[in-house]
Amino acid sequence: MAFQGTLVWLYSLAVLSFSVAQDDSSSPNDCLKTDLVEELSAKLKLAVQCSDAWSPEQTATILQSLTNLTDTLQKQQLKDCQNAEPKNCIEAQVPENGGLACVTVDNRRLCKPMCSHGYDFNFLRRSRLFEECSEQTSYKWQTQYVGGNKLAECNEAKVQVSGAKTAYFPKDQSCLTTKSNRTLQRRLLEDLTTELKNLGIQGEPQNPCLVCG
Ligand SMILES: *[C@@H]1O[C@H](CO)[C@@H](O)[C@H](O)[C@H]1NC(C)=O
Ligand SMILES: *[C@@H]1O[C@H](CO)[C@@H](O)[C@H](O)[C@H]1NC(C)=O
């Protein structure tokens, strides 16, 4: 009898944990697990190697989840420069195949458009590192495009000649590679502050950020 009781108990436990595992809705606690990101990154690396072994249905299932996750994360990532000073400036558009590195100095919002390796700006901007939005520009983006908030476009190109050297991500280092590494991101934003100083734009840098298109 006691043995049967234990079995029933074990069975209920199994059902319970099964239904917990089946429950999609994650509590905020699940999301705050610090190792979730590491676990997921490791599993995704493994998945790349295993993908050959999957059935078409399995591949489609994973593709669907990843597409959803990619869209969700990218939308979130694009907001990392929001709410910077001065608030009267609208958000600058982030170029695809590149990024925007921005900082506020002396109540001027300054953004440096950057292109990934293999991409180039379609307008010459070698001596034009930054675009500005401030009181001096009537809180509109200074840009080579007419009106609006588009600062640059990055088009596929064999050689990168239109921009300054520092306006390109290195071959082995994309915008997201830079952003995912605290040291690399800090270095990029420090270099940017130095470039501003060299242009005579002095002051405490505020709201530094990097967004990847
Ligand atoms: C992505 O997943 C979320 C959460 O499960 C869901 O609410 C949303 O509808 C999905 N979006 C798409 C485009 O599938
Ligand atoms: C970040 O980049 C630096 C410099 O390239 C490198 O030494 C370091 O290992 C990287 N850190 C991570 C966590 O990838």
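Because the structure is predicted, anything quoted here is derived from the model rather than measured.

## A few points about the overall build of the protein
Thinking step 1. When helices and strands are tallied, the protein shows six helices and six strands.
Thinking step 2. Written out in order from the N terminus, the α and β elements of the protein read α-α-α-α-β-β-β-β-β-α-α-β.
Thinking step 3. The proportion of buried residues among the 213 residues of the protein is 30%.
Thinking step 4. Across the protein, the fraction of contacts at a sequence separation of at least 24, relative to all contacts at a separation of at least 6, is 64%.

## Structural notes on the nonpolar core
Thinking step 1. Among the nonpolar cores identified, the biggest contains 17 residues, and Leu188 and Leu196 are the most heavily contacted of them.
Thinking step 2. When contributions to this core are tallied by element, the ones reaching two or more residues are strand S1 (98–105), strand S2 (108–115), helix H6 (182–198) and strand S6 (206–212).
Thinking step 3. When residues of this core are assigned to their parent elements, the largest contribution, four residues, is made by H6.
Thinking step 4. Among all residues touching Leu188, those that are not within four sequence positions of it are Ala101, Met114, Phe169, Thr178 and Leu210.

## A short note on the pattern of salt bridges
Thinking step 1. Applying the stated criterion to the full structure yields eight salt bridges.
Thinking step 2. The closest approach of N and O atoms between Glu131 and Arg125, which form a salt bridge, is 2.9 Å.
Thinking step 3. On the accessibility criterion, Glu131 (0% relative accessible area) is buried.
Thinking step 4. Each of the salt bridges in this network shares a partner with another, and the network as a whole consists of Arg125, Arg128 and Glu131.

## What about the sheet that holds S2?
Two pairing modes exist for strands in a sheet, parallel and antiparallel, and in both the strands are linked by backbone hydrogen bonds.
Thinking step 1. Here we have four strands laid out as an open sheet, ordered S4-S2-S1-S6, and antiparallel in their pairing. The sheet is open, and its two borders are formed by strand S4 (131–133) and S6, each paired with just one other strand. The mean inter-strand angle of the sheet, taken between neighbouring strand axes irrespective of direction, is 20°.
Thinking step 2. In terms of strand pairing, S1 meets S2 through eight bridges, oriented antiparallel. Across the sheet, the residue bridging to Cys102 is Cys111, located in S2.
Thinking step 3. In this fold H6 packs onto S1, S2 and S6, with an angle of close to 55° to the strand it touches most, S1.

## Description of the state of the cysteines
Thinking step 1. According to the stated counting rule, one finds five disulfides in the structure shown.
Thinking step 2. Between the sulfur atoms of Cys89 and its disulfide mate Cys133 the distance is 2.0 Å. Measuring handedness by torsion sign, the sulfur bridge of Cys89 and Cys133 sits at about -100° and is left-handed. Pair noted here: Cys89 is in the loop between helix H4 (56–77) and S1 and Cys133 is in strand S4, with a separation of 44 residues, a long-range link.
Thinking step 3. The class of Cys89 is buried, set by a relative accessible area of 14%.
Thinking step 4. Given a relative accessible area of 0%, Cys133 falls into the buried group.

## Describing the packing of aromatic side chains
Thinking step 1. Applying the stated criterion across every chain yields a total of two aromatic pairs.
Thinking step 2. A ring pair is formed by Phe121 and Tyr168, whose centres lie 5.6 Å apart and whose planes are at 45°; its orientation type is tilted. Here Phe121, found in strand S3 (residues 119–121), pairs with Tyr168, found in the loop between strand S5 (154–156) and helix H5 (175–180); they are 47 residues apart in sequence, far enough to count as distant. Both residues of the pair, Phe121 and Tyr168, count as buried.
Thinking step 3. Ring geometry for Phe123 and Tyr145: centres 5.2 Å apart, planes at 55°, overall tilted. Of the two residues, Phe123 is situated in the loop between S3 and S4 and Tyr145 in the loop between S4 and S5; the sequence distance between them amounts to 22 residues.
Thinking step 4. Residue Tyr145 is classed as buried on the basis of its relative accessible area of 15%.
Thinking step 5. It is Arg125 that lies over the ring of Phe121; its NZ or CZ is 5.5 Å from the centre.

Thresholds applied
Residues numbered from 1 in each chain as written. Chains lettered and ligands numbered in written order. Predicted model: local features only at pLDDT ≥ 70, side-chain atom pairs only at ≥ 80, totals over all residues. Heavy atoms only, no water. Helix = DSSP H or I, 4+ residues; strand = E, 2+ residues; numbered from the N terminus. Buried < 20%, exposed > 50% of the residue type's maximum accessible area, 1.4 Å probe, protein only. Contact = heavy atoms within 4.5 Å. Core = buried A, V, L, I, M, F, W, Y, C linked by side-chain atoms within 4.5 Å. Salt bridge = Lys/Arg side-chain N within 4 Å of Asp/Glu carboxyl O. Pairing = 2+ DSSP bridges. Axes fitted to C-alpha atoms, helices over the stretch in contact; angles between N-to-C directions. Disulfide = S-S within 2.5 Å. Phe/Tyr/Trp six-rings, centres within 6.5 Å; stacked < 30°, edge-to-face > 60°. Lys NZ or Arg CZ within 6 Å of the ring centre and 35° of its normal.

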